[in-house]
Structure formats: structure tokens, C-alpha cells
Amino acid sequence: MDEKENNLYDDKPLENDVNQESDDTLEEKDGVKYETNDNWQFDAEAPTLNNNLFDTADYPDSKEDKSEKKSDAPVISDDRKQSNQIVINKEPLKFIPLAIITLAVIAALVVLGIRYYTVPNGKEGNMMNPASVAATIDDNKISIGMYNLYFSSVVSQYEQYANYGYYNLDTTADYSTQYTTDEDGNKVSWMEYFENLTIDQIKNYSIFYNAAKKEGLTLQKSQKDTIDKQIESLKTSASEANQPLDDYIASVFGEYCTEDTVRLYMEQFYLTANYRGKYAIDNKPTDEEISKYYDEHKKDYYQINFSYLAVPYDASSDEKKAESEKTIKKYMSKVTDRQSIIDLVPTVYKDYIDADVQSAMQADSALSKEEAVKNATETYESNVDGTIYASQAPFSDEINNWLLDEKQPTGTVKYYANEETGYAYIILKTEQPTRSEDETYAVRHILIMPKADDESQTDQTTGQTTYTDEQWAAAKEKANKIFEEYNSGNKTEYSFALLAEANSDDTASTSAGSSDAFGGLCEAVALGEMVPEFENWATDKSRKYGDTDIVKSDYGYHIMFFVYDKPSYESQLIIDARNAKFDSIIDEADFVLHDSVVTKANNKFLDAKKAANESQKKETTTQATSGN
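Since we're looking at a predicted model, the values are computed, not measured. (Residues numbered from 1 in each chain as written. Predicted model: local features only at pLDDT ≥ 70, side-chain atom pairs only at ≥ 80, totals over all residues. Heavy atoms only, no water.)

**Details of helix 17 (residues 568-587)**
Working note: α-helix, 3.6 residues per turn, so residues spaced by three or four point in the same direction. Between its first and last C-alpha, helix 17 extends 28 Å over 20 residues, near the 28 Å set by a 1.5 Å rise per residue. Counted residue by residue, helix 17 has 14 buried out of 20 residues, so it is predominantly covered. (Helix = DSSP H or I, 4+ residues; strand = E, 2+ residues; numbered from the N terminus. Expected span 1.5 Å × (residues − 1). Buried < 20%, exposed > 50% of the residue type's maximum accessible area, 1.4 Å probe, protein only.)

**Looking at the packing of helix 8 (residues 287-296) against helix 17**
Across the interface, helix 8 lies against helix 17 with an axial gap of 10 Å and an inter-helix angle of 100 degrees. Of the possible angle classes, the one that applies to helix 8 and helix 17 is roughly perpendicular. When helix 8 is examined against helix 17, the residues Glu289, Ile290, Tyr293 and Tyr294 are found in contact with a partner set consisting of Tyr569, Leu573, Ile574, Asp576, Ala577, Ala580 and Lys581. Looking at side-chain class alone, the contact of helix 8 with helix 17 contains eight nonpolar, no polar and three charged residues. (Axes fitted to C-alpha atoms, helices over the stretch in contact; angles between N-to-C directions. Parallel < 35°, antiparallel > 145°, perpendicular 65-115°, else oblique. Contact = heavy atoms within 4.5 Å. Nonpolar A, V, L, I, M, F, W, Y, C, P; charged D, E, K, R; others polar.)

**Details of unusual backbone geometry**
As a rule of thumb, non-glycine residues mostly have phi less than zero, and peptide bonds are mostly trans rather than cis. In this model, Asp138 sits at a positive phi of 50 degrees, which is unusual for a non-glycine residue. Looking at the element boundaries, Asp138 is found in the loop between strand 4 (133-137) and strand 5 (140-143). When its relative accessible area of 34% is taken as the criterion, Asp138 is described as partly exposed. A positive phi angle, close to 70 degrees, is found at Asp139, a residue other than glycine. The topology assignment puts Asp139 in the loop between strand 4 and strand 5.

**Digging into helix 6 (residues 245-253)**
Of all the positions in helix 6, only Leu245, Tyr248, Ile249, Ala250, Val252 and Phe253 are classed as buried. Buried residues along helix 6 sit against helix 3 (144-163), helix 5 (221-240) and helix 7 (259-282). Gly254 sits one or two positions beyond helix 6 and adopts a positive phi of about 130 degrees.

**Focus: the nonpolar core**
Among the nonpolar cores identified, the biggest contains 70 residues, and Tyr147, Tyr175, Phe194 and Val262 are the most heavily contacted of them. With 13 residues, helix 4 (residues 190-215) is the single largest residue contributor to this core. By size, the runner-up hydrophobic cluster in this structure holds 39 residues, among which are Val345, Val357, Phe395 and Leu404. (Core = buried A, V, L, I, M, F, W, Y, C linked by side-chain atoms within 4.5 Å.)

**Considering the packing of aromatic side chains**
If you walk through the whole model with that rule in mind, you get 39 aromatic pairs. Taking 6.2 Å as the distance between ring centres and 15 degrees as the angle between the ring planes, the aromatic pair formed by Tyr205 and Phe269 counts as stacked. Here Phe269 lies in helix 7 and Tyr205 lies in helix 4, a separation of 64 residues in the sequence. Each member of the pair Tyr205 and Phe269 is classed as buried. Of the aromatic side chains, those joined through ring pairs into one cluster are Tyr147, Phe151, Tyr158, Tyr161, Tyr166, Tyr167, Tyr175, Trp190, Tyr193, Phe194 and Phe605. For Arg276, the ring lying beneath its charged end belongs to Phe582, and the centroid distance is 4.4 Å. Here the basic side chain of Lys414 rests over the ring of Trp402, its NZ or CZ set 5.9 Å away from the ring centre. (Phe/Tyr/Trp six-rings, centres within 6.5 Å; stacked < 30°, edge-to-face > 60°. Lys NZ or Arg CZ within 6 Å of the ring centre and 35° of its normal.)

Here you go:
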């Protein structure tokens, strides 16, 4: 479909501003640890986590299908630990004999059992025992099973991208001894990076989930149905594996992760989308707030245009690094303008072009080598230009400031080396920074598609389905009924959004997708992204906020709700000002991480990962031996 797959909220990792408490409050006696204050914190373990339920991790900017990634050269796209504070009670101190405290602890252990305080029970909510708590957010407990499930999702997603070459991450080696750079420019191990991202996501979703519950928001029927279907799918898999459901879930997503954990995880995902969607409508940034935000972040809204080449960069040794830099400087000496960069394409991208030529000729035996070379070369020549916003600049501060500095003349050249990706980018400054005035718009829509059956014909080349007149008539009738339902109600943006959640076949713009979208919202849409009928209605200069209508396209009937039509930088400004409101909600939350629980879970993961890798190596060796 041409429908835009909107990413309603910027889900980049939050700042590492969490408050943590250490677990130094336990005293050991006869092999049992006793709590010395009333802030319980317990150790727990987590096993291998190697699966993914939802796409909730911070994905790279590219939205390509990675499984179909060609051999193209890289394209440029746009200590949590805090010491405990000692609070002195100014009231007169009261002497309590140590024996009384000891007896109280022993009594609790007799009644509840040592395991109640030392071993997680895999339950959620009120049924969770103290040993299960990995973190608390505004007095709401987060279980170790939930931590494992989030961690599993994060690691799985990054491993998938690493397997396609998007990260310098060896999935067969110890993650605690491999390093990357976080968004603040700090060098951290991949294990630490995964932990930080997991904590950020738990904090983010839990806070908005709690807010949604307080406001009385509930799941949509479609969301409940999706959760039930996911559980049924897990039950089927567990049955095929001849395992009880909870045992199977724990083996896939992590120890102490149960059916209750999976259900709560999915509820958090959906209710977070519901809450943020409603909040975004009810608390739109005012003109004053937007103006203030712009004044504070003015540079972020400048657009930078440049041309570039991506050159392999090997920093594995001083000798190879010096050789890479020598090659880069040789190319740089030949760069004077955009055309000179195009002239270097056949040389710099030779290996990629050769690979594409071979693939093209295998796919089309009638294609001559000369034509295949011409086509491949032209493809790379058309991709030498980059455009990014200053706030998304992927280079070092030195390079970013150079591109942004109007005093730096166009036509100058610098390079940026990224040891993690293994590429250096030779960058030619082609223009001075400007604000993007390109037209963009925002609408909500409810897509009602005709329902295909055996009589429907699908074009195997385009994937476009031809529907019967009866199917089109049924879709139109359904769209009209939904439109009538909206018009007979209070006719607000939120009521329209709820109808989109319940009825739209464009799941990418609702919470049924995986991008935190809600209510059929398509925002900051550039011209040409949508089908003509959709775009023509949205960009009609007579439109005003709240206008509605039904528009037909090749995909079905779109029930439209107009939000705005603005220059690109203003659209982004609205999104950023809104996200600043969400950030303030997160910053105000009281978050406490039970560090020893999480550390033990991570160590258990590393041990299990190591064991799995060793087992795989043995299996590979055995297969190779038997093959010989």
C-alpha cells in the first residue's frame, strides 16, 4: 500500500536519568539475608532471552525491509548508579531491642517461607511476591519476568539488524566485552546498552500505562482480540513443544515470565498508545508553547543538504587504519563539486556495482553486461546526495557544526569515520543550512477496504487487487455507516480517532501496528507519499481543522478528518513540542531500579548465551565432521 506508515511518537531511548537504589541493605546470618529496613530488594535470575513479541525497541531510522537488503553501500539516514541518600528523622530516636526485630523477621519467614523473600514466583500484580520485584515506578512493581520480556525483545531486534550488517555486533560473542556508543557519545558495552534501553522502555511504557489506568482508559475490542490471539498462538506452540504454557513462555522469553506477564506486556503496549493518543489530542501544544520551544531549539530545524561517498574504513589495527585514511585522502583530493563525486562512484562503489550486475544478469538472462553496469552505476550516482535535519545529524559534533555554520563556505570537504559501522563518509558541503518550507499536512483517516473473495483478482506484479462491484458497494455502505456514526456523536477529533481504532483497515496508523500510532493519524506527510485522491483532498487550500469527508482511492474508502497543512519544519516542531510534554511526564515519575536483581538477570543471560553459542559451535563441528 501507499499508505504512510507513520511513527507517531519519537521512541528514541530516553535520557539515562533514572534513580536507582543499591541492594546493600541486607545482612547475612547463617546463610540467610535479612532486611535491615522496610525497602525490600531481592535477587533473582533470568535465563536466555532470544525471542521477540512486539517491535518496541529503538529501531534504526531506515524503514526498509531488511530481509531484502541488497549489497548497496551504506546510506545516511536521518552511572545510573546513585548513592543512597540518608534521611535523618528529626523526631526523638526510639530504642528498639535488636532481638524484637530479629524475632519479627523470623516470624515472617516461618509464616511465609524463605522462598517467598528469596525466589521470584513468576506472578504479576498483587500476586507478585517481594522477590519478584525488579523495579518500582510510582509505587507500581515491575517483575523480573517483565524485565526479561522487555530485555528479550530489545536484544532480539538488535541481533536481527546485526545479522544484516547494520550494527558492529558479533551475536556469537560475549556482549559484555563488545562496545558501542550511546546517544550521549559514551562508550558502553553492548550489554550495558541493552540494559539501558530495556530500562528506558520499561519506564516509558509503565508510566503511560499507569496514567491510562488512572484515567480509566480501557483496551479496544480489537486490542483484546489481538492479545487473545497471541496467547492462543503461544498455547499452540507450547502444545507442539509438549510443554506447559508458562514453562514454554519462560523458555522463550525468560525465566519467571508467564502468561500473565505476556498479557500485561501487551496491555501496556496498547494502553500506552491509547493514552498518548488521547493526551496528544487533549493537550495540543499552544502557539506560545510552540514558539518558546522553537526559540530554545532553533538550530534543530535547519535542513542540511550535502553530497557524500561512503568508503570502507578498517580500524582493527593501526596499520589498517592508516591505510584506510590514506585511501580516503586520495579520494578527497579529487572532490571539488557534486559532479566530481559522481565521477568517483564507479571506483568507490566498484564491489557493490559488480555484485549488483551479477545479480541483475542472473535474474534477466537477456540483459547485457554493459546495460547492467550502466543501470547499477546510475543507481549509486542517484544516491550521492543527503538531506538531514540538524537535530538528526549522524556525524560528530565537529562535522555537524561545520555543516551548520553559515560562515563555512560551500564546496569544502571533510570526512567522518565511524569505526562501529566500518565506513568513512566523505562529505561535500553543497548548500548553506535552511529551514525546510516543503509542504506537509496531517490528517486522520479510516480506511475501509473491499473484502476480497475467490472472485477477486490480484495482479501478481503490482499486488493490486481488483474487486467486484458488489465488494465495492459493501465497502461504501460500511464507510457511510461509520461516517454517520461520527456525525451523530460529538464530532470531536478524539471520537474520530476511536472510530479509526475500531474500524480502520490501515493498521499502520492505529495501535494495531507497531509504531505507537493511534487513531488513524498521518502527520508530517510530504507531497507524493499518499495516493492522489487522498493527497488532493488533504492539500485543498480551503481545508480547515475538523473538516471531514469520504474519499475513494484504489485501496478503498477513506473517511477523512483534516488536522493541518504546514511547512515541513513547522510540522516537525509540533511533534517535538508535543513529545516534550511526554518527556516531562516521564521525568516526573518516581523510578527505582533494584540493581542486584537486574544484574543477576543479565549475568544469567550472558551465561546462557555463552552456553548456547558453545553448543552451536559443537553442532557445526559435528555436522562438518560427519559431512567429511
